[in-house]
Amino acid sequence: MEKILSQPKCQRIGFLLLDNFTMIALASAIDPLRMANQLSSQKLYEWVTFSEDGQPVLSSNGLNVSTDHDLSVNPDLDVLIVVGGVDITNSYTAGQVSWLKKLCSNGIHLGGICTGAYVLAAARLMDD
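Everything quoted here is computed from the prediction, not taken from an experiment. (Residues numbered from 1 in each chain as written. Predicted model: local features only at pLDDT ≥ 70, side-chain atom pairs only at ≥ 80, totals over all residues. Heavy atoms only, no water.)

J.: Explanation requested: the sheet that holds strand S2 (residues 45-50) in the structure shown.
T.: Strand order in the open sheet made by the four strands is S2-S1-S5-S6, with parallel pairing throughout. Two strands lie at the open edges of the sheet, namely S2 and strand S6 (109-113), each paired on one side alone. Each strand of the sheet is rotated relative to its neighbour by a mean of 25°, with strand direction disregarded. As paired strands, strand S1 (residues 11-17) and strand S5 (residues 79-83) are joined by five bridges and run parallel to one another. Pairing of Gly-14 across the sheet is with Leu-80, part of S5. On the sheet, helix H1 (residues 23-40) packs against S1, S2, S5 and S6 and is oriented at approximately 155° with respect to S2. (Pairing = 2+ DSSP bridges. Helix = DSSP H or I, 4+ residues; strand = E, 2+ residues; numbered from the N terminus. Axes fitted to C-alpha atoms, helices over the stretch in contact; angles between N-to-C directions. Contact = heavy atoms within 4.5 Å.)

As structure tokens, then:
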């Protein structure tokens, strides 16, 4: 009897880009996802980017990076990663913290890269 293999569920990952985020952190997170898709010949991962107002975000290397959505979107995500960088204590807002808390209460898994974890801790989302 032939075994039928099911297609794996595509994981949808969001990246919240904070002011002065580090480009290497974002690229180091997205490129392995792209490579997994390419090497498997399947869409295992897809990703979208967010900023507070949907406008481009200035990275720490001076490049403006466009984003897909603002925080008014109710995202259909499996995971949201906060991408931090330089001067983190001045790089996030109360609105972003509120949005992260809402995502967490909706069951979306949260993570942080570079100094993004600082924001999750400041939002008290790492207490448990």
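Moving on, there is more to tell.
J.: Is there a simple way to think about H1 in this case?
T.: An α-helical turn contains 3.6 residues, so a residue and the one three or four places further along point in the same direction. Spanning 18 residues, H1 covers 26 Å between terminal C-alpha atoms, matching the ideal 26 Å at 1.5 Å per step. Residues of H1 that are buried: Ala-25, Leu-26, Ile-30, Leu-33 and Asn-37. End-on, the buried residues of H1 take up no more than an arc of 110°, which puts them together on one face. The exposed set on the far side of H1, more than 90 degrees from its buried face, consists of Ile-24, Gln-38 and Leu-39. Those residues of H1 hidden inside the fold are in contact with S1, S2, S5 and S6. Taken from the residues just after H1, Ser-41 is the one with a positive phi, measuring 55°. (Expected span 1.5 Å × (residues − 1). Buried < 20%, exposed > 50% of the residue type's maximum accessible area, 1.4 Å probe, protein only. Arc of directions from axis to C-beta.)

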